[in-house]
Amino acid sequence: FLHGSAGYQLSRDGRALLQKMDGMERAAAGIATWQARAGQAARVRISAGTWTGHALARALPRIWSPNASWLPEFLQSNNVMDLARGEIDIGMRNARPEQPWLAGRRTNTIHYAGYAKGPEITAWIGAARDGAATRSAAWVERHHGSEIATTANDPQLALAMAEAGLGRVVLPCFIGDGRAGLQRLGDPIEELQSEEWLVSHQDARHQAPIRAALDALARYLSAPDRFA
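Residues numbered from 1 in each chain as written. Predicted model: local features only at pLDDT ≥ 70, side-chain atom pairs only at ≥ 80, totals over all residues. Heavy atoms only, no water.

(A) Main features of the overall build of the protein. Looking only at helices and strands, the protein has seven helices and 12 strands in total. When its C-alpha atoms are laid out on the principal axes, the protein stretches across 65 × 50 × 25 Å. Nonlocal contacts in the protein, meaning residues at least 24 apart in sequence, comprise 77% of its contacts between residues at least 6 apart. Put simply, the protein shows about 13,400 Å² of open surface, and 50% of that area lies on carbon and sulfur atoms. (Helix = DSSP H or I, 4+ residues; strand = E, 2+ residues; numbered from the N terminus. Contact = heavy atoms within 4.5 Å. Areas by Shrake-Rupley, 256 points an atom, 1.4 Å probe, with all protein chains shown as cover.)

Right, dumping it as structure tokens:
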């Protein structure tokens, strides 16, 4: 880039690179179209956090069938994976994307609450230092740091500890409400309420397999009976 009074502009090398990248993008789109026409399912990489990833895996028969034009590849990650660099094709996010090269579709609102085997359990389960820096982990540390009895670096381990009666844990209500051995302790935590967004690259979303995956995911995630 060149930096001048008008801001940043592409240099000669930058313009040349942009032209080459445009050719790469057209080639990738052409391959996806060819795969669809040849009857081959195109792999679509979908990133989601722990609990949304589990929910999508369990609901896969409602979302996808083996004769679909796309093949789902789920990547569980609590970190934001890069759509622009092609690390994934579709990402689940908790806010509208701000980058102009990303397109987003809001699907639902996610609520969180505290859960334990019973109200008599007052200790909390926190996140280990090498665990994911999630908003729920930060909330527990901020509001109940002195009451943390044990920690885990994985949300599934924390859930197992809660089911064993070792402490309280914060879970999305669509997960916690379905665990027979846990009780919801109080109303949803307003501070943790978040939006749910399906995010893809502005250009890649027009490719037939990615478009089909986006539509199928949106139908499930937006369904009124999703949390039933």
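Text resumes after the structure shown.
(B) Region of interest: the packing of helix α2 (residues 50–58) against helix α5 (residues 155–163). For the pair α2 and α5, the least separation of the axes is 10 Å and the interaxial angle reads 85°. Taken together, the axes of α2 and α5 lie roughly perpendicular to each other. Between α2 and α5, the residues in contact are Thr50, Trp51 and His54 and Pro155, Gln156 and Leu159, respectively. Residue composition of the contact of α2 with α5, grouped by class: three nonpolar, three polar and no charged. (Axes fitted to C-alpha atoms, helices over the stretch in contact; angles between N-to-C directions. Parallel < 35°, antiparallel > 145°, perpendicular 65-115°, else oblique. Nonpolar A, V, L, I, M, F, W, Y, C, P; charged D, E, K, R; others polar.)

(C) Representation of the sheet that holds strand β5 (residues 90–93) within the structure. Strand order in the open sheet formed by five strands is β4-β3-β5-β12-β6, with mixed pairing between adjacent strands. With one partner strand each, in any of the chains shown, β4 (70–76) and β6 (102–110) form the two edges of the open sheet. Geometrically, the sheet is characterised by an average inter-axis angle of 20° between neighbouring strands, direction not taken into account. Relative to β4, strand β3 (residues 42–48) runs parallel, the two being bridged by seven bridges. Looking at the pairing, Ile46 lines up with Phe74 of β4. Packing against the sheet, helix α7 (residues 208–222) makes contact with β3, β4, β5, β6 and β12 (194–201), and its axis sits at approximately 20° to β6. (Pairing = 2+ DSSP bridges.)

(D) Main features of the packing of aromatic side chains. For the coordinates displayed, the defined rule picks out three aromatic pairs. Ring centres of Phe1 and Tyr8 lie 6.5 Å apart, and the angle between their planes is 90°; on these two criteria the pair is classed as edge-to-face. For the pair Phe1 and Tyr8, a shared accessibility class is recorded, and that class is exposed. Of note, Arg226 hangs over the ring of Phe174, and the distance from its end group to the ring centre comes to 5.5 Å. (Phe/Tyr/Trp six-rings, centres within 6.5 Å; stacked < 30°, edge-to-face > 60°. Buried < 20%, exposed > 50% of the residue type's maximum accessible area, 1.4 Å probe, protein only. Lys NZ or Arg CZ within 6 Å of the ring centre and 35° of its normal.)

(E) Geometry of the sheet that holds strand β7 (residues 112–116). The strand order across the open sheet built from three strands is β10-β7-β11, with neighbouring strands paired in antiparallel fashion. Of all strands in the sheet, those bounded by a partner on one side alone are β10 (169–172) and β11 (183–184). Judged from the four bridges that link them, β7 and β10 form a sheet pairing that is antiparallel. Following the sheet pairing, Tyr115 is matched in β10 by Val169.

(F) Structural detail: α7. In this model, α7 (15 residues) spans 21 Å end to end at C-alpha, consistent with the 21 Å of a helix rising 1.5 Å per residue. For α7, every residue scored as buried is listed here: Pro209, Ile210, Ala213, Leu214, Ala216, Leu217, Ala218, Tyr220 and Leu221. (Expected span 1.5 Å × (residues − 1).)

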